[in-house]
Amino acid sequence: MGKIYADVTSALEGLTFDGMTVMSGGFGLCGIPENLIAGLKASGVKGLTVISNNAGVDGFGLGQLLETRQIAKMISSYVGENKEFERQYLAGELQLEFNPQGTLAERIRAGGAGIPAFFTATGVGTLVAEGKEVRTFDGRDYVMETGLVADLSIVKAWKADERGNLVFRKTARNFNPMMATAGKVTVVEVEEIVPVGALDPDHIHTPGIYVDRLIQTVSEKRIEQRTVRKKEPGSSSEAVAQGGNV
């Protein structure tokens, strides 16, 4: 069955509706499905609940959907790089379901595996556990967390074959593979599409059975935070240290 689509617009056609839940992969700005996010913005869909580790930065990634007020609720673990996110939340304009990072990852994995809920010690006795069931196992308290499933998962991978088998690169494996399993429909953007058989089966991170639609895109690959220090005496380089997500 053909999974390859010509562009973002056709790949999202018929999948979006107001009030839907969207999972968006990546970590910081690394491995985010930036072109599909832009496609959601262009579609005009609103009232979104977005499940993502973070909300990008101002004006890029999911930050674009915050600026256009298309997101009504975020289910996230980190919000520190987006001033508009902070402003909307503090002003009561945006709902936020805050999760410890490992808990968020496990909730997504559980949803993809058909596990409705699980117990974890993380967050017991804190605001994270308020209103949730707590049980004691072997003398230790655990809070119940529910699995997460989305109407649509948008994912970024490095390579795919024509059947949708995916290979991720380094930090882009954060959240993307598990989100691919937890969407009722999964749309993936990749840098390269190769013929079936070109990928080593041992190197495939996500089987194509989880992928419904596939597009080849070009990514901007911004650096989230660029840090340099002044040239040190005797150094041959003006910028001797640089960090960030690529």
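Residue positions are given per chain, counting from 1 as you read along its sequence in written order. Reporting in this predicted model follows two pLDDT cut-offs: at least 70 for local features of residues, and 80 or more for side-chain atom pairs to be given and counted; totals over whole chains, interfaces and linings ignore these cut-offs and use all residues. No hydrogens and no water enter the side-chain calculation; it runs on all heavy atoms of the structure.

## Thoughts on the nonpolar core
Ranked by internal contacts, the top residues of the largest apolar core, which has 24 residues, are Leu40, Met74 and Leu152. If sequence neighbours within four positions are ignored, Leu40 has contacts with Leu12, Thr16, Val22, Val45, Leu65, Gln70, Leu152 and Ile154. Ala150, Ala157, Val188 and Val190 belong to the second largest nonpolar core, which has 21 residues in total. For our purposes a nonpolar core is just a set of buried Ala, Val, Leu, Ile, Met, Phe, Trp, Tyr and Cys residues, chained together by side-chain atoms within 4.5 Å. For every residue, the accessible area (1.4 Å probe, protein chains only) is compared with the maximum for its type, and the residue is labelled buried under 20%, exposed over 50%, or partly exposed between those bounds. The contact criterion used is simple: two residues touch if any of their non-hydrogen atoms lie within 4.5 Å.

## Examining the sheet that holds strand S7 (residues 140–146)
Spatial strand order, S5-S7-S6: 3 strands in an open sheet with antiparallel pairing. Bordering the open sheet on either side are strand S5 (117–120) and strand S6 (134–137), each of which pairs with just one other strand. The mean angle between the axes of side-by-side strands here comes to 40 degrees, regardless of whether they run parallel or antiparallel. Two strands form a pair only when DSSP identifies at least two bridges running between them. Only runs of H or I of at least four residues qualify as helices and only runs of E of at least two qualify as strands under DSSP, and these elements are numbered from the N terminus. As defined by bridge partners, S5 adjoins S7 across 4 bridges and the pair is classed as antiparallel. By the bridge assignment, Ala117 is partnered in S7 with Thr146. To obtain an axis, a line is fitted to C-alpha atoms, over the contacting stretch when the element is a helix, and the angle between two such axes runs from 0 to 180 degrees between their N-to-C directions.

## A look at helix H2 (residues 34–43)
Within H2, burial applies to Glu34, Leu36, Ile37, Gly39 and Leu40. Just beyond H2, the residue with positive phi is Gly44, at close to 80 degrees.

## Overview of the confidence of the model for the protein
One number per residue, pLDDT, summarises how confident the predictor is, and it ranges from 0 to 100. Summary statistics for the protein give a mean pLDDT of 92 and a share of 94% for residues scoring 70 or more. Predicted confidence for residues 238–246 stays below pLDDT 50, and this span has 29 contacts to residues more than four positions away or in other chains.

## Comments concerning unusual backbone geometry
The residue Asp138 is not glycine, and still its phi comes out positive at about 50 degrees. Looking at the secondary structure, you find Asp138 in the loop between S6 and S7. Even without a glycine there, the phi angle at Phe175 is positive, about 75 degrees.

## Here's the deal with the layout of surface pockets
Cavity: a set of points on a 1 Å grid over the protein atoms alone where a 1.4 Å probe fits but cannot get out. Pocket: an open set with protein on both sides within 12 Å along at least five of seven lines, its lining residues, like those of a cavity, having an atom within 4 Å of a point. Grid points are joined across faces, edges and corners, and a volume is the space filled by probe spheres set on the points. Of the volumes computed, that of the second largest pocket is approximately 210 Å³. For the second largest pocket, the full set of lining residues is Tyr89, Leu96, Glu97, Phe98, Asn99, Leu127, Val128, Glu130 and Lys132. Per-class residue counts for the lining of the second largest pocket are 5 nonpolar, 1 polar and 3 charged. Classification convention: Asp, Glu, Lys, Arg as charged; Ala, Val, Leu, Ile, Met, Phe, Trp, Tyr, Cys, Pro as nonpolar; all other residues, Gly among them, as polar.

## Some thoughts on empty space enclosed by the protein
Scanning the model with the defined rule gives 1 cavity of 30 Å³ or more in all. Taken as a whole, the largest cavity encloses approximately 60 Å³ of empty space. In this structure, the largest cavity is lined by 14 residues; those nearest its centre are Gly28, Ile32, Ser52, Gly56 and Leu62. Partitioning the lining of the largest cavity into residue classes produces 6 nonpolar, 8 polar and no charged.

## Quick notes on the pattern of salt bridges
One speaks of a salt bridge when a side-chain nitrogen belonging to Lys or Arg is within 4 Å of a carboxyl oxygen belonging to Asp or Glu. Across all of its chains, the model carries 11 salt bridges by this definition. Taking the shortest distance from any N to any O, the salt bridge between Glu145 and Lys132 comes out at 3.0 Å. Of this pair, Glu145 sits in strand S7 while Lys132 sits in the loop between S5 and S6, placing them 13 residues apart in sequence. With a relative accessible area of 2%, Glu145 lands in the buried category. By relative accessible area, which is 29% here, Lys132 ends up partly exposed. Between Glu133 and Arg135 there is a salt bridge, with its nearest N and O atoms 2.5 Å apart. A residue is classified by how much of its surface remains accessible, and Glu133, at 34% relative accessible area, is partly exposed. The network of salt bridges with shared partners includes Arg69, Glu84, Arg87 and Glu93.

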